[in-house]
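# Architecture and fold: a report
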Amino acid sequence: EVQLVESGGGLVQAGGSLRLSCAVSGFTFDDYAIGWFRQAPGKERAGVSCISSRNGLTYYADSVKERFTISRDKANNTVYLQMNSVRPEDTAVYYCAADRTKDYCSIFGGYEYWGQGTQVTVSS
């Protein structure tokens, strides 16, 4: 069974920090790129960050660059999204996704497997 489970969401004050986790099981972790996406009420789902499987290449949306950091713990089959200096506009349901790509990653879609999401709410 392929499964991605997000955790770590919650309520945080503007300027604070939060770390999201994506636990992956059911497929070969090293064969897949992992992406983080988010969706706010009334908005389309948007890419946040991604990390490739082969060399750990990363990509960030302009809105989160220098504030968020994605990392990959291969020993525990877990990908993290460290969120620093959060803003109210970061409020959304955050999803992780897996794509069978080794050499690069994309925040523009194409992911095969998706988690159920975790809610992040940033108060002003």
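Residues numbered from 1 in each chain as written. Predicted model: local features only at pLDDT ≥ 70, side-chain atom pairs only at ≥ 80, totals over all residues. Heavy atoms only, no water.

## Things to note about the nonpolar core
- If you look at the biggest cluster of nonpolar residues, it comprises 36 residues, and the most contacted ones within it are Leu 20, Trp 36, Phe 68, Val 79, Leu 81, Met 83 and Tyr 94.
- Elements with a minimum of two residues in this core: strand 3 (18-25), strand 4 (33-39), strand 5 (46-51), strand 7 (68-73), strand 8 (78-83), strand 9 (92-99) and strand 11 (118-123).
- It is strand 9 that provides the largest number of residues to this core, a total of five residues. (Core = buried A, V, L, I, M, F, W, Y, C linked by side-chain atoms within 4.5 Å. Buried < 20%, exposed > 50% of the residue type's maximum accessible area, 1.4 Å probe, protein only. Helix = DSSP H or I, 4+ residues; strand = E, 2+ residues; numbered from the N terminus.)

## Examining the state of the cysteines
- In this structure the tally under the stated criterion is two disulfides.
- Here Cys 22 is linked by a disulfide to Cys 96, with a sulfur-sulfur distance of 2.1 Å. Linking Cys 22 and Cys 96, the disulfide has an S-S dihedral of approximately 70 degrees and is accordingly described as right-handed. Remark: Cys 96 occurs in strand 9 and Cys 22 occurs in strand 3; sequence separation between them is 74 residues.
- Residue classification places Cys 96 among the buried residues on the basis of a relative accessible area of 0%.
- Shown here is the disulfide that connects Cys 50 with Cys 105, its sulfur atoms set 2.0 Å apart. On the S-S bond that ties Cys 50 to Cys 105, the torsion sits near 70 degrees, and the link is right-handed. Placement of the pair is Cys 50 in strand 5 and Cys 105 in the loop between strand 9 and strand 10 (113-114), with a sequence separation of 55 residues. Cys 105 matches Cys 50 in its accessibility class, with the two residues each being buried.
- Disulfide connectivity for the protein, with bonded cysteines indexed by sequence position, reads 1-3, 2-4. (Disulfide = S-S within 2.5 Å.)

## Remarks on unusual backbone geometry
- A positive phi is found at Glu 66, a non-glycine position, where the angle reads about 75 degrees.
- Residue position: Glu 66 is located in the loop between strand 6 (58-60) and strand 7.
- The exposed category is assigned to Glu 66, whose relative accessible area is 77%.
- Of note, the phi angle at Asn 77 is positive, near 50 degrees, even though the residue is not glycine.

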